[in-house]
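Tertiary structure, described
Residue-level listing of the chains:
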Amino acid sequence: RMANKCDSLQGFIFNHSVGGGTGSALVCSILEDINTAYHKTIKLGFDVYNASPAIATCIVQPYNALLATNCLIEDMDMDVVLDNEALYEVAQKRDISRRPSLDVLNSVI
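Residues numbered from 1 in each chain as written. Predicted model: local features only at pLDDT ≥ 70, side-chain atom pairs only at ≥ 80, totals over all residues. Heavy atoms only, no water.

**A word on the pairing of strand 2 (residues 42-49)**
Looking along a regular strand, one sees side chains alternate from face to face of the sheet. Pairing of strand 1 (residues 11-18) with strand 2 involves eight bridges; the strand directions are parallel. Bridged to Gly 11 within strand 2 is Ile 42. With six bridges joining them, strand 2 and strand 3 (residues 78-83) adopt parallel strand pairing. Counted as the bridge partner of Val 48 is Leu 82 from strand 3. (Pairing = 2+ DSSP bridges. Helix = DSSP H or I, 4+ residues; strand = E, 2+ residues; numbered from the N terminus.)

This is the structure:
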C-alpha cells in the first residue's frame, strides 16, 4: 500500500535471516509478489545466514536456507550475505560475555 502512494519509487530493501521459516519463506513470498507488481524496481537484500550447527536453533535451518537461496538468487538484484558465526566472533571480541546479546549482534551489522 505504501509503495502505491510513492511518486518515484526507487526500490525495496530486505533485512532478514535465512534459515528460519519466517525469514526464508515469508521473504520469498513477498519478493515474488513485489516482482509481479513492481518488476522494474531495484531489490536489495541483507541476508544473515546461520552457517554453524552450534548456533542453529532447529535442525531444518540448513534446508530452509538452501531453498530460500534459490529464490533470492532469482529475484534479488543485489544481496549482501552475512555469516551469523562471523558476527558472533566479532561480537565476542567487542563484548566481554561469551554469548553476545541481540543488541550487540545488531550493532555489529
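**Digging into the confidence of the model for the protein chain**
Per-residue pLDDT for the protein chain has a mean of 82; in total, 90% of the residues score no lower than 70. When the elements of the protein chain are averaged for pLDDT, helix 4 (residues 102-108) gives the smallest value, 77, and strand 2 the largest, 90. (pLDDT = per-residue confidence, 0-100.)

**Observations regarding the sheet that holds strand 3**
Taken in spatial order, the three strands of this open sheet run 1-2-3, and their pairing is parallel. Looking at strand neighbours, the two that pair on one side only are strand 1 and strand 3, the edges of this open sheet. For this sheet, the mean angle separating the axes of adjacent strands, direction not counted, is 15 degrees. Contacts between helix 2 (residues 61-75) and the sheet are confined to strand 1, strand 2 and strand 3, with strand 2 contributing the most and set at about 160 degrees to the helix. Its contacts with the sheet place helix 3 (residues 84-94) against strand 2 and strand 3, and it is angled at close to 55 degrees to strand 3. (Axes fitted to C-alpha atoms, helices over the stretch in contact; angles between N-to-C directions. Contact = heavy atoms within 4.5 Å.)

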